[in-house]
Amino acid sequence: MNLASLSPSTAVARVQRGALLGMTAALLTLSAAAQAADTAEPLKSVTEPATELAARYPLESLTTVETANLAVTDVANAKAEVEARDLEQRRACYQKFFMNHCLDLAKDQRRLAMKTIRPVDITANAFLRRDRADERDRALEIHDAGMPVEAAQKAQDQKEKELSNAEKVKQGAAKEKEVAANTAKHAGEADKRVADHNARVKKAQEDEAAKAQQRIDNAAAFERKAQESAARQREVAANKAQKAKDLAAKKAAAAESAASTPASATPAASTPPAATP
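The notes below deal with the structure included here. (Residues numbered from 1 in each chain as written. Predicted model: local features only at pLDDT ≥ 70, side-chain atom pairs only at ≥ 80, totals over all residues. Heavy atoms only, no water.)

**Considering the pattern of salt bridges**
Moving on, step 1. Under the criterion given, the structure shown has 11 salt bridges.
Moving on, step 2. As a salt-bridge pair, Arg56 and Asp74 come within 3.4 Å of each other at their nearest N and O atoms. With Arg56 in helix H2 (residues 48-56) and Asp74 in helix H3 (residues 65-93), the pair connects residues that are 18 residues apart, well separated along the chain.
Moving on, step 3. For Arg110, the salt bridge is made with Glu83, and the minimal N-O distance between the two is 2.5 Å. Taken together, the residues Arg110 in helix H4 (residues 99-145) and Glu83 in helix H3 connect sequence positions 27 residues apart.
Moving on, step 4. You can call Glu83 partly exposed: its relative accessible area is 31%.
Moving on, step 5. Overlapping salt bridges, with partners in common, bring together Glu48, Glu81 and Arg85 in one network. (Salt bridge = Lys/Arg side-chain N within 4 Å of Asp/Glu carboxyl O. Helix = DSSP H or I, 4+ residues; strand = E, 2+ residues; numbered from the N terminus. Buried < 20%, exposed > 50% of the residue type's maximum accessible area, 1.4 Å probe, protein only.)

Here it is, written out as structure tokens:
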């Protein structure tokens, strides 16, 4: 029917009647959906996996590596189960009349579940981190105990290190020369800056090589002086021993000479004459 042919009041009344019928149908549909949702199988609790996890792993029980590893695995499983159940809850909310209120309740349940899981997660991972740190410390102690501590060995290691550094510096200088030769082919200010930089690097490396060689020469001179000092000490000791030997020989000769010389004669004591009767 053409509404234009009707009076204004009649047209308005018919439009309102049609809108009311549409709203009634929508309400009936939502009511039927709500009743169907209410009669469906109850959804699983979102907080149940978290509650079971907290009961299975009291915080004071997380004192071994095995228990902590199991807890970390179960925490991941519990989080996944909470997310899956939360998704089911939110899907069901879209079928209810008070949808927003239902979604808010589902959000609160998920937050509560994650809050319950969090202490177990933090405590288990903290224990595992401490255990790994302790294991590293024990390994370092074992390693340090096996390291040589003699001064001679340290000096030898230092000398070898300096020789190795000197060789690396020489190799680096050779490489820088090659780079400088390649960059010299290019013209322009940029190439000049690169060449200047390479020259500075080369000079620094050559200076370092010279210092390393000087340290090697100083170490050799120190070793040579030590050997010369030891030789002088041996010579002085030998001279002292020879002098002591000569002195002992002279004393022995003097004693032998004194023993072979006859003693000087002493006057005999006069015997008194015998008495006559």
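**Focus on a positive patch on the surface**
Moving on, step 1. On the surface, a cluster of positive charge is contributed by Arg129, Arg130, Arg132 and Arg136.
Moving on, step 2. Turning to its location among the elements, Arg130 is positioned in helix H4. (Patch = residues over 30% accessible without salt bridge, like charges linked within 9 Å, V, L, I, M, F, W, Y side chains within 5 Å. Areas by Shrake-Rupley, 256 points an atom, 1.4 Å probe, with all protein chains shown as cover. Lys, Arg positive; Asp, Glu negative; His and termini not counted. Charge placed at Lys NZ, Arg CZ, Asp CG, Glu CD.)

**Quick notes on the packing of aromatic side chains**
Moving on, step 1. Across all of its chains, the model carries 1 aromatic pair by this definition.
Moving on, step 2. A ring pair is formed by Phe97 and Phe98, whose centres lie 4.9 Å apart and whose planes are at 85°; its orientation type is edge-to-face.
Moving on, step 3. By relative accessible area, which is 47% here, Phe97 ends up partly exposed.
Moving on, step 4. Residue classification places Phe98 among the exposed positions, given a relative accessible area of 60%. (Phe/Tyr/Trp six-rings, centres within 6.5 Å; stacked < 30°, edge-to-face > 60°.)

**Looking at H4**
Moving on, step 1. When the terminal C-alpha atoms of H4 are compared, their 68 Å separation across 47 residues agrees well with the 69 Å that a helix rising 1.5 Å per residue should span.
Moving on, step 2. Contacts made by the buried residues of H4 are with H2 and H3. (Expected span 1.5 Å × (residues − 1). Contact = heavy atoms within 4.5 Å.)

**As for the nonpolar core**
Moving on, step 1. Counting residues in each nonpolar core, the largest one holds 16 residues, and the members touching the most others are Leu53, Tyr57, Leu62, Ala71, Ile117 and Val120.
Moving on, step 2. Listing elements by their share of this core, those giving two or more residues are H2, H3 and H4.
Moving on, step 3. Looking at this core element by element, the count peaks at 6 residues for H4.
Moving on, step 4. Those residues in contact with Leu53 that lie beyond four places of it in its chain are Asp74, Val75, Ala78, Ile117 and Val120. (Core = buried A, V, L, I, M, F, W, Y, C linked by side-chain atoms within 4.5 Å.)

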